[in-house]
Amino acid sequence: MNLLLGAAAIGFILSLLALGVYVSFRIFEFSDITAEGSITTGAAIAAVLLTHGWAPLTATFAGALGGMCAGTVTGLLATRCGINRLLSGILTMTALYSINLRIMGKSNIPLTNDHTMVSQAEAWGKAAFGKSTLAIWGWEVAVRDASLLIMVPALILVVCLALYFFLHTNLGTAMRATGDNAQMIRALGVDDGVMVVFGLALSNGLIALGGALLAQYQGFADVQMGIGMVVWGLASVIIGEALVGTRKLGYAITGTVMGSVLFRLLVAVALRWGLNPNDLKLITAAFVLAALIVPNALKSLKQKPRSLTHA
Amino acid sequence: MLEIRNVWKTFHPGTPNEVRALQGVDLTLEDGSFTIIIGTNGSGKSTTLNAVAGSFFVDEGQLRIGGTDVTRWPEHRRASLIGRVFQNPFSGTAPSLSIAENFSLAARRGLSRGLGPALGSRMKAEMRDAVRQLNMGLEARLDNAIGTLSGGQRQALTLLMAAWRKPQLLLLDEHTAALDPKSADQVIALSETLIARDRLTTLMVTHSMQQAASLGDRLIMMHRGKVIHDLRGAEKARVRPADLLERFEELRRSELLDESAAEMLERLYV
Ligand SMILES: Nc1ncnc2c1ncn2[C@@H]1O[C@H](COP(=O)(O)OP(=O)(O)OP(=O)(O)O)[C@@H](O)[C@H]1O
Ligand SMILES: [Mg+2]
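Think of each chain on its own: its residues are numbered from 1, step by step along the sequence as written. In the order they appear in the text, chains get letters beginning with A and ligands get numbers beginning with 1. Local features in this predicted model are restricted to residues of pLDDT 70 or higher, and side-chain atom pairs are both shown and tallied only at a pLDDT of 80 or more, whereas totals for entire chains, interfaces and linings draw on every residue. Where side-chain values are given, they derive from all heavy atoms of the structure, hydrogens and water being excluded.

It is worth spelling out the site of ligand 1 at this point. All names here are of chain B. Lining the immediate surroundings of ligand 1 are 14 residues, of which N41, K45, S46, T47 and H207 lie closest. K45 has a polar side-chain atom sitting 2.7 Å from an oxygen atom of ligand 1. A 3.5 Å cut-off defines polar contacts: any pair of N or O atoms within that distance qualifies, except that in protein one atom must be a possible hydrogen donor and the other a possible acceptor, and neighbouring residues in sequence count only when both atoms are side-chain atoms. At 2.6 Å, a side-chain N or O of H207 approaches an oxygen atom of ligand 1. The method behind every accessible area is Shrake-Rupley, applied with a 1.4 Å probe, and residues are considered shielded solely by the protein chains displayed. Contact with the protein chains covers 65% of the free accessible surface of ligand 1, which is 630 Å². Elements represented by at least two residues in the shell around ligand 1 include exactly β2 (19–29) and α1 (45–53). Along the lines of polarity and charge, the residues of the shell around ligand 1 split into three nonpolar, nine polar and two charged. Throughout, the term near means that a residue has one or more heavy atoms lying within 4 Å of the molecule or strand in question. For helices the rule is a DSSP run of H or I covering at least 4 residues; for strands it is a run of E covering at least 2, with both sets numbered from the N terminus onward. Side-chain classes are defined by residue name, with Ala, Val, Leu, Ile, Met, Phe, Trp, Tyr, Cys and Pro counting as nonpolar, Asp, Glu, Lys and Arg as charged, and the others, Gly among them, as polar.

Quick look at unusual backbone geometry now. All names here are of chain B. Of note in the backbone geometry, R199 takes a positive phi value of approximately 45° without being a glycine. Using a 1.4 Å probe on the protein chains alone, a residue whose accessible area is under 20% of its type maximum counts as buried, one over 50% counts as exposed, and one in between counts as partly exposed. Residue classification places R199 among the exposed positions, given a relative accessible area of 56%. With a phi close to 50°, R224 is a non-glycine residue in the positive phi region. Take R224: it is sitting in the loop between β9 (218–223) and β10 (226–232).

Turning our attention to the nonpolar core. Counting residues in each nonpolar core, the largest one holds 125 residues, and the members touching the most others are I38, L134 and L157 of chain B. Per-element tally for this core: the top contributor is helix α1 (residues 2–27) of chain A, with twelve residues. By definition in these notes, contact holds between two residues if any of their heavy atoms fall within 4.5 Å. In this structure, L157 of chain B is in contact with I99, F103, V131, L134, L138, I146 and L149 of chain B, ignoring residues within four places of it in sequence. In these notes, a set of buried Ala, Val, Leu, Ile, Met, Phe, Trp, Tyr and Cys residues joined through side-chain atoms within 4.5 Å is what counts as a nonpolar core.

Right, let's get into the packing of aromatic side chains. Stacked, tilted and edge-to-face are the three classes assigned to paired rings of Phe, Tyr and Trp, where Trp is represented by its six-membered ring and a pair needs centres within 6.5 Å; plane angles under 30 degrees give stacked, over 60 edge-to-face, the rest tilted. Counted according to the given criterion, the structure contains three aromatic pairs over all chains. Plain terms: the ring middles of F11 of chain B and F56 of chain B are 5.4 Å apart, the flat faces sit at 85° to each other, and that makes the pair edge-to-face. A residue pair is termed long-range when its members are at least 10 positions apart, and F11 of chain B in strand β1 (residues 2–11) and F56 of chain B in the loop between α1 and β4 (60–65) qualify at 45 residues. A centroid spacing of 5.3 Å and a plane angle of 85° characterise the contact between F103 of chain B and W164 of chain B, whose relative ring orientation is edge-to-face. One end of the pair, F103 of chain B, is in helix α3 (residues 99–107); the other, W164 of chain B, is in helix α5 (residues 151–164), and 61 residues separate them in sequence. Either the NZ atom of lysine or the CZ atom of arginine qualifies as a charge over a ring when it sits within 6 Å of the ring centre and within 35 degrees of the ring normal. A cation sits over an aromatic face here: R144 of chain A above Y217 of chain A, 5.3 Å from the ring centre. Above the face of the W73 of chain B ring, R77 of chain B is positioned so that its terminal group lies 3.8 Å from the ring centre.

Residue and element names in this part refer to chain A. At a minimum axis distance of 7 Å, the contact between α1 and helix α9 (residues 192–218) shows a crossing angle of 165°. The pairing of α1 with α9 is recorded here as roughly antiparallel in orientation. Helix-helix and strand crossings are classified by hand; for α1 and α9 the assignment is left-handed. Two secondary-structure elements touch here, α1 through G6, A9, I10, I13, L14, L16, L17, L19, G20, V21, V23 and S24 and α9 through G199, L200, L202, S203, L206, I207, L209, G210, L213, L214 and Y217. For the contact of α1 with α9, the class distribution of residues is 17 nonpolar, six polar and no charged. Only the stretch in contact is used when a helix axis is fitted, and all axes are lines through C-alpha atoms; the angle between N-to-C directions ranges over 0 to 180 degrees. Should an angle fall under 35 degrees it is taken as roughly parallel, and over 145 as roughly antiparallel, whereas 65 to 115 is taken as roughly perpendicular and any remaining angle as oblique. Crossing handedness follows the turn of the near helix against the far one: under a right angle anticlockwise gives a left-handed crossing, and clockwise gives a right-handed one.

This brings us to helix α6 (residues 143–166) of chain A. For an α-helix, 3.6 residues make a turn, and residues three or four places apart therefore share a direction. Multiplying 1.5 Å by the helix residue count minus one yields the expected span of that helix. In a regular helix each residue adds 1.5 Å, so 24 residues correspond to 34 Å; α6 of chain A covers 34 Å between its end C-alpha atoms and thus fits that length. Among the residues of α6 of chain A, those classed as buried are V143, D145, A146, S147, L148, V152, P153, I156, V159, C160 and L163 of chain A.

Each partner contributes residues to the interface: chain A has 22 residues there, and chain B has 30 residues. Take the accessible area each of two parts loses on contact, using a 1.4 Å probe, and add the two losses: that sum is the buried area. Counting each side, the surface lost to burial between chain A and chain B is near 2,200 Å², with a carbon and sulfur contribution of 57%. Salt bridge criterion: a side-chain nitrogen from Lys or Arg within 4 Å of a carboxyl oxygen from Asp or Glu. Seen at the junction of chain A and chain B, the total is two salt bridges. Note that E101 of chain B is salt-bridged to R176 of chain A, the shortest N-O span being 2.7 Å. At the junction of chain A and chain B, the tally comes to 13 residue pairs in polar contact (both at pLDDT 80 or more). Ranked by the residues each element gives to the side of chain A that touches chain B, the list is headed by helix α7 (residues 170–180) of chain A, at seven residues. Each residue belonging to the side of chain A that touches chain B can be placed in one class, and the counts come to nine nonpolar, seven polar and six charged.

Our next topic: the sheet that holds strand β5 (residues 68–69) of chain B. All names here are of chain B. If you trace the four strands from one edge of the open sheet to the other, you get β2-β1-β4-β5, paired in antiparallel fashion. At either end of the open sheet lies a strand with only one pairing partner, and these are β2 and β5. At least two bridges found by DSSP between two strands are what make those strands a pair. Bridge count for β1 against β2 is eight bridges, and the pairing is antiparallel. Along β2, the bridge assignment pairs T10 with R20. Set on the sheet, α1 makes contact with β1, β2 and β4; between it and β2 the angle comes to about 65°.

Remember, this is a structural readout, not a statement about activity or role.
In structure tokens form, the structure reads like this:
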């Protein structure tokens, strides 16, 4: 039970990653892998500031700001310098590895004794419940998990609402149209390059926010923590699309969060059943690959019923 | 209103794919004029419109709209003066956004876009009225994704959107070529209504001699990156589709003549 609660909490935290991936990959159709660096940047900045005694909220948002800068750089490389989109992301990601090490000063920063948003949530939980374990439907639940499972989804809800309303402003609508039809939005007077830069800043800001929270949840920031994150985010987005469809923006955002949580729960169960953690990335990659090719394969099967009967 | 001064454009210069698409185009449109461009495939009609809209910068020459030199303005900046409908119905709208959202984008053409809500209730009421006049039943579907509509419906909406903020210049590039005859007629009728209502200065490319003869107050024929005929006033009003086909035929004969003359010279001297 505690295992699942923990997985759900991580799922909610990493839904920020999934939302960021949704913004870049789906709204802008920009295969941006800056995320692998910017999630660590968010964690690194937050961790360093926290060990220097900054307020948890300020440190966390400083982390998000770092991610926005990274996204801006990738966007400028792609739109102003005309560098291939994938390569722009790779360049920023590679540079970020060194920058993250510079920020942290070492490859791992433990946060166990610092005042973080997580320890804050735990303190509030203890004050509210008055003890350190709870009995829910006969299960022993740590107050830490219970209070996090209230605080984190609440925070995610706020972020999702803000994202939803932002994407319905004049600026946000123009950003969505840019990914849909850049020629049209230029003809309506919008500099599509600027929109892409804003979009990647938004995307990587969300992702770095997720990184900052993840570091506080797991109690450390590590320079390697970003590896494979884009594929994890994509997997969540794809699960979300399968769950609720993509028709409306509100559904897509909700689905992405649900996808992230479900994905984490599935991973937790698979690990519990004896899956080797080292195989996790391979399996996730295979899953995303399948999700990318199966719909097309099904379509071509439907289009050529003849070849089926002859086969 | 629009002045095109000696504009030249070569694509892929210095390569085997070099195309001299515009070779000294000169054209001045008066305020409120509705000009039709015809010409053979590859004669530079679309390239002229793209040059005006700013899809690329011209190699030489000048472009002025309403007296302002826009030759070095990027496309999105010129869009504050220009409304545009493309040949491809997919080009003019954002398919996954709703009809209303597409409209809200057009409603801020040339204006800044901030954090205000894109869809106010007043704007929605205004656009519902405008869309109702299309008689396509779309006013009930304002929240549907535009990608679910037919090409004709999308093109009609694109036209409404382009004319929404009364552009100084309206560019129509074969905007009915991809439509079935009935939709094409509807879109043409709508074009006429909007252009007449707001006295929009319009530049329209078409391959339909019917449209070329019946629409507009001026007719231009392009050939090999140049304007070769320019009919206006009474002359334009008199013109019939058959006359225009005649001109194309003439052009074809002189081309053949050119070729046979070249062949003859080649035989004589090479
Ligand atoms: N972006 C481009 N890059 C390279 N060549 C181009 C480009 N745009 C146009 N051309 C070439 O320029 C020439 C003129 O093309 P343009 O599209 O203006 O012709 P058009 O008069 O519109 O013809 P059509 O009636 O077929 O639409 C053609 O040879 C075309 O291949
Ligand atoms: Mg053309």
